[in-house]
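# Structural features, examined
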Amino acid sequence: MQVPLLGARWAGSTVETMDHPAASRDAVEQHFADSVLKLRASTTPPSFGGGGFPDAVRAGSGLTGNHCLELFDAQLASRHLDLAARWLRGRGAGFYTIGSSGHEGNAAVAAALRDDDPALLHYRSGAFYLVRAATASPPRDGVRDVLLGLVAAADEPIAGGRHKVIGHPDLHIIPQTSTIASHLPRAVGLAFALSRAARMEAATRWPADAIVVASMGDASANHSTAVGALNTAAYCAYQRLPLALLVVCEDNGLGISVRTPPGWVAAAASSRPGIRYFHADGSDLADVYDAALAAADWVRQRRSPAFLHLSMVRLGGHAGSDAETGYRDPHEIAAGLAADPLVGTARLLVEAGVLTPAGVLDRYERGRARVAELAAEVAGARRLASAAEVMAPLAPRSPDAVWGGASLAAGEDRRRTAFGGRLPESAGPLTLAQTINATLADALAARPGMMVFGEDVARKGGVYGVTRGLLARFGAGRVFDTVLDEQSILGLALGAGLAGLLPVPEIQYLAYLHNAADQIRGEAATLSFFSQGQY
């Protein structure tokens, strides 16, 4: 059949002729083909038995030939999805062209983690998603999932065509907005809450030894939201509070057109107290895999945060409409092509004797054709057709659930213990602050997964006495003071809610809320919308 995305194949019906027409491919594809054709196997290729390629793909690495081959397929599919996104957009059938080209090394990060480690991902995480989809039980067709998102299909499994996000509850990938670094406070909060939930013996959807992974770009590392979140993670680690968080910075040196000074991310991240620093070459799949394994092991065993810094490249503009030639010179673009991670993985496989150059190009072509066919298939998928359909996940009415929650109360004996034998309804007239205090105490007594936290809420009992006495009655695990950062306070609340706890954060004054409002507007208010109520 005629594959609309593909155009002309390498000359002939297979790639064995090693010939290819320059006119049919863009510069990235052309460079990939040219580079693969120049690869040579090692002089003494390893001998593999009938079980495939179980040995290390490179001496000293934990990545086997078999595993490398699986990850290469995910990397290739991610690259082909970027091509499909541009093809769909050019025909008015697609709406999103921010791709993952150059960042496909994050496939190895996914492989180094457990499938039940919750992930809050950067928007260039196509390969990560495809690896999670392939290793799920049962496996998912991650390529189809992504394509449905590109065309805003109503059947897209996470957002239902409302927005292009990376996520799926079965894959433990939590969808994020594209606001710069706004997911990091929630990630810190989730990591904190998972450990706190285990201490409180509260059930969550993740196991007690899970770690949280959050990825971002290098430009985002400068945003106040990221700086505040990393500071809070370090603050917790300094106090030896368990916080199993792996932050992955995919550093391609650019924030759209603004350059990140070389060495800045390493200098800033490696000197932060309490957060262990790891680095890998994002174009070297084995290096990423080994570094990610080490970083994940550090976080999981020590319940302490780590920062994995991946040096990457961005191939092409920031998005389909971004002409990078307007701000990058030809030498800089050529240097990016030379560090293409797909070429890097092809080199690993060829030098290890796992694939020949012809085998690499044939694998590329077969994967490209499959993605192209699926893109053509989903191009006409049904989209949401009414405002009611679009808004369906927004604050759905659940009066029975609201009534059940509102009427929940602790037993008489537990209430008397919580109030020291003097119930508030028998205490006579109460001030507003006393009424709120009594309400919080009643709720804490009835809901073992509830936490009250903020600035001065514990020992002091709040600047107006609203939380007075709660620390003594319910303990420091459930009533505690936080770092003086409102973004982190609200991020902790979002993460705790995601973990299944009931967070009650206090922001002391309205003036303190303004710099943190996006955690409510941009994060809390959109998660249900972007996940069709699955989160």
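Everything that follows concerns the structure shown earlier in this document.
Residues numbered from 1 in each chain as written. Predicted model: local features only at pLDDT ≥ 70, side-chain atom pairs only at ≥ 80, totals over all residues. Heavy atoms only, no water.

### Focus: the side chain of R196
Put simply, the rule is: Only DSSP runs of H or I covering at least 4 residues are called helices, and only runs of E covering at least 2 are called strands; the numbering of each starts at the N terminus. Whether a residue is buried, partly exposed or exposed follows from its accessible area with a 1.4 Å probe, protein chains only, as a fraction of its type maximum: under 20%, in between, or over 50%, in that order. Under the counting rule used here, the positive set is Lys and Arg, the negative set is Asp and Glu, and His together with the chain ends is not counted. Every case where a carboxyl oxygen of Asp or Glu lies within 4 Å of a side-chain nitrogen of Lys or Arg is listed as a salt bridge.
Structurally, R196 can be placed in helix α6 (residues 184-200). One buried charged side chain, R196, makes no salt bridge at all; its nearest oppositely charged neighbour is D481, positioned 11 Å away.

### Notes on unusual backbone geometry
With an omega of -5 degrees, the peptide bond between S137 and P138 qualifies as cis. The phi angle at A181 is positive, at roughly 60 degrees, despite the residue not being glycine. With respect to the element layout, A181 can be found in the loop between β2 (173-174) and α6. Phi is positive for R303, which is not a glycine, with a value near 50 degrees. Checked against the element boundaries, R303 lands in the loop between α9 (285-302) and β8 (306-311). A relative accessible area of 17% places R303 in the buried class.

### Side note on the environment of H318
The criterion, for reference: Contacts: residue pairs with any heavy atoms within 4.5 Å of one another. Polar contact is the term for a pair of N or O atoms within 3.5 Å; when the atoms are in protein, one must be able to donate a hydrogen and the other to accept it, and sequence-neighboring residues count only if both atoms are side-chain atoms.
Tracing the backbone through its elements, the reader meets H318 in the loop between β8 and α10 (330-338). The exposure class assigned to H318 is buried, which follows from its relative accessible area of 14%. For the pair H318 and G255, spaced 63 residues apart in sequence, the C-alpha to C-alpha distance is 8.3 Å. Beyond its immediate sequence surroundings of up to four residues, H318 is in contact with I98, Y123, R124, I256 and Y327. Within the local environment of H318, its side chain forms a polar contact with the side chain of R124, the two groups lying 2.9 Å apart.

### Section: a nonpolar patch on the surface
Quick note on the threshold: Excluding any residue in a salt bridge, patches collect residues exceeding 30% relative accessible area, merging like charges within 9 Å and nonpolar Val, Leu, Ile, Met, Phe, Trp and Tyr side chains within 5 Å. Surface accessibility follows the Shrake-Rupley procedure with a 1.4 Å probe radius. Residue values consider only the protein chains on display as shielding.
Side chains of V390, M391 and L394 sit close together on the surface and give an oily, nonpolar patch of about 230 Å² of accessible area. Looking at the element boundaries, L394 is found in the loop between α13 (387-391) and α14 (399-406).

### As for the environment of A433
Residue position: A433 is located in helix α16 (residues 432-446). Here A433 falls in the partly exposed class, since its relative accessible area comes to 22%. Those residues in contact with A433, other than ones at most four positions away along the chain, are Y464 and V466.

### What to know about the pairing of strand β9 (residues 450-454)
Rules: In this description, strands pair whenever DSSP reports at least two bridges between them.
Extensive coverage of β9 is indicated by the burial of five of its five residues. Residues M450, V452 and G454 point to one face of β9 and M451 and F453 to the other, with burial holding for every one of them. Sheet analysis places β9 next to strand β11 (residues 502-506), joined by five bridges and oriented parallel. Pairing of M450 across the sheet is with L502, part of β11.

### Looking at the pattern of salt bridges
Under the counting rule described, the total for this entry stands at 26 salt bridges. One salt bridge in this structure joins R382 and E389, with 3.3 Å as the shortest N-O distance. For E389, a relative accessible area of 26% puts it in the partly exposed group. In this structure, R415 and E425 form a salt bridge, with 2.9 Å as the shortest nitrogen-oxygen distance. Taken as a pair, R415 in helix α15 (residues 412-418) and E425 in the loop between α15 and α16 lie far apart in primary sequence, ten residues in all. According to the relative accessible area criterion, E425 is exposed, its value standing at 53%.

### What about the nonpolar core?
As a reminder, the rule being used: To qualify as a nonpolar core, a set must consist of buried Ala, Val, Leu, Ile, Met, Phe, Trp, Tyr and Cys residues joined through side-chain atoms within 4.5 Å.
Counting 85 residues, the largest nonpolar core has F32 and L147 as its most contacted members. For this core, the element with the most residues is helix α2 (residues 65-90), which contributes 13 residues. Ignoring sequence-local partners within four residues, the contact set of F32 consists of F72, L76, D340, L342, V343, V360, L361 and Y364. One finds A187, A210, A214 and I275 within the second-largest nonpolar core, a separate group that totals 45 residues.

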